[in-house]
Amino acid sequence: MADDKALATPAPDGDVAVPTTAARKRDEAAARGALSQVLDTVAGFGVSFGTIFRKLETEEYPEEKRPTAKRFHGRHQLNRHPDGLEKCVGCELCAWACPADAILVEGADNDDTPLDEGGQGRFSPGERYGRVYQINYLRCIFCGLCIEACPTRALTMTNEYELADNSREKLIFTKEQLLAPLQEGMAAPPHAMAPHMEERDYFLGKVHSATPEQHAEADQLTEGGAH
Amino acid sequence: MGLEEQLPSGILLSTIEGLAGYMRKASMWPATFGLACCAIEMMAVGTPDYDIARFGMERFSATPRQADLMIVAGRVSQKMAPVVRQVYDQMPNPKWVIAMGVCASSGGMFNNYAIVQGVDHIVPVDIYLPGCPPRPEMLLNAIITLHKEIVKMPLGANRVAAARAAEEAALAATPTHQMKGLLA
């Protein structure tokens, strides 16, 4: 602005005209010669060129995923006891804790009546299990209050975050999608509890894997279901 | 619109569809449409750390007339709804919408009279992205999911048939305001 003013207002009589900044630059450039002017233009690319040799900070997302924080709040998981029975007891405390009303739970009674006599089967140790378990990921804000509310550590969160999909229906995860996959030594429920064990023994860590009888019962059921 | 609209459906059209889809997915420009906290994560995607330019989105377009993708990032209030619709209408075809975050997707935890319960009440949404807010990788994942859909987008005669089928399905579907349970 000062330069503009100096250009616009004529120098008062008797004073020596002060050269403007632009004029001074022109004089300097002329003094340095044509070659340096050309090099000035090239020097501007020096920064761009030097960047080629710098370490790349970008996360190459789909190819190389940076691990999340260990306790990142991602997709939920319904855990199992070491013998494959579900930990969820259908108490609905998670649904009550949820500030966004994203969880739907419907409990039902475990039934030890044999299946061929009309029994519904046993899915968890103890009295009740979660028959319907749904989480609406378009409401869930991943706050983790459901995890805090869960009395049996049945509900925990994984670090998985790739959830985008193209319809509302697909983002309501049902129990089958949320249940942890069967690990080594687990038998798929419904099956009986471990012999000589009661519910509290499961939480005291006395059950370590499914017994052969439990495996046999689960295998029989899958074969029966296949027919 | 162009020559592709006149082609009969067949091998030629499906080849052009594939080619056009491949080019379209690699040259999308998002409109800046940050409404709330999700916008911060959307801005983070533009930084060199995540670098949205790797997906052909060289810059966020400040005018909807130069944008193909509207990322609705944040909760849409009832007062903002007509503006969202106007911005969408000003975008030239073909155009896509990502509902970023739970508020834009379904209202999220703001289940009240002030917030539109899902931006799909006012504009057609292609990708729903959960998260509150979604981390930048989640937005990139949504964009990649959208790319997969764009590649399959029909043209010409196929597009007319697809639009008719979509309209039939939409007429048969339960309106969003009548949905019950977790879908509401």
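Quick summary incoming for the structure in this document. What you see as residue numbers is a count from 1 along each chain, following the sequence as written. Chain letters and ligand numbers both follow the written order, the letters beginning at A and the numbers at 1. Owing to the predicted nature of the model, reporting of local features is limited to residues with pLDDT of at least 70; listing and counting of side-chain atom pairs is limited to 80 or more, with chain, interface and lining totals taken over all residues. In computing side-chain values, all of the structure's heavy atoms are included and hydrogens and water are not.

1. Remarks on the overall build of chain B
- Helix and strand definitions here come from DSSP, where helices need a minimum of 4 consecutive H or I residues and strands a minimum of 2 consecutive E residues; each element is numbered from the N-terminal end. Check the secondary structure of chain B and you find six helices and four strands.
- Helices and strands appear in chain B in the N-to-C order α-β-α-β-α-β-α-β-α-α.
- A globule of 184 residues ought to have a C-alpha radius of gyration of about 16 Å, and chain B, at 17 Å, matches this closely.
- A principal-axis box enclosing the C-alpha atoms of chain B has dimensions of 50 × 45 × 25 Å.
- We call a residue buried when its accessible area falls under 20% of the maximum for its residue type, exposed when it is over 50%, and partly exposed in between, using a 1.4 Å probe and counting protein chains only. Of all 184 residues assigned to chain B, the portion counted as buried reaches 44%. A radius of gyration in this sense is built from C-alpha atoms; the matching globule rule multiplies 2.2 Å by the number of residues raised to 0.38.

2. What about the interface of chain A and chain B?
- Across the boundary between the two partners, chain A contributes 35 residues, which contact 38 residues of chain B.
- Of the roughly 2900 Å² buried where chain A meets chain B, counting both sides, 57% is carbon and sulfur surface.
- What gets called buried area is simply the loss in accessible area from a 1.4 Å probe that two parts show on being joined, summed for both. Contact with chain B buries area across many residues of chain A, yet L138, R139 and R168 of chain A alone supply 27% of it, more than any other trio.
- In the sections that follow, a salt bridge refers to a side-chain nitrogen of Lys or Arg positioned within 4 Å of a carboxyl oxygen of Asp or Glu. Inspection of the chain A/chain B interface yields three salt bridges.
- Ionic pairing is found between D120 of chain B and R168 of chain A, a salt bridge with its closest N-O pair at 2.8 Å.
- Any pair of nitrogen or oxygen atoms within 3.5 Å is treated as a polar contact; in protein, a donor-acceptor pairing is required on top of that, and neighbouring residues in sequence qualify only through side-chain atoms on both sides. Taken together, the links from chain A to chain B amount to 14 residue pairs in polar contact (both at pLDDT 80 or more).
- Elements represented by at least two residues in the side of chain A that touches chain B include exactly strand 2 (103-109) and strand 3 (128-136) of chain A.
- Examining the composition of the side of chain A that touches chain B, we find that three residues originate from one element, strand 3 of chain A, more than from any other. Any pair of residues with heavy atoms lying within 4.5 Å of one another is described as a contacting pair.

3. Here's the deal with the environment of E117 of chain A
- Tracing the backbone shows E117 of chain A in the loop between strand 2 and strand 3.
- Note on E117 of chain A: relative accessible area 58%, which makes it exposed.

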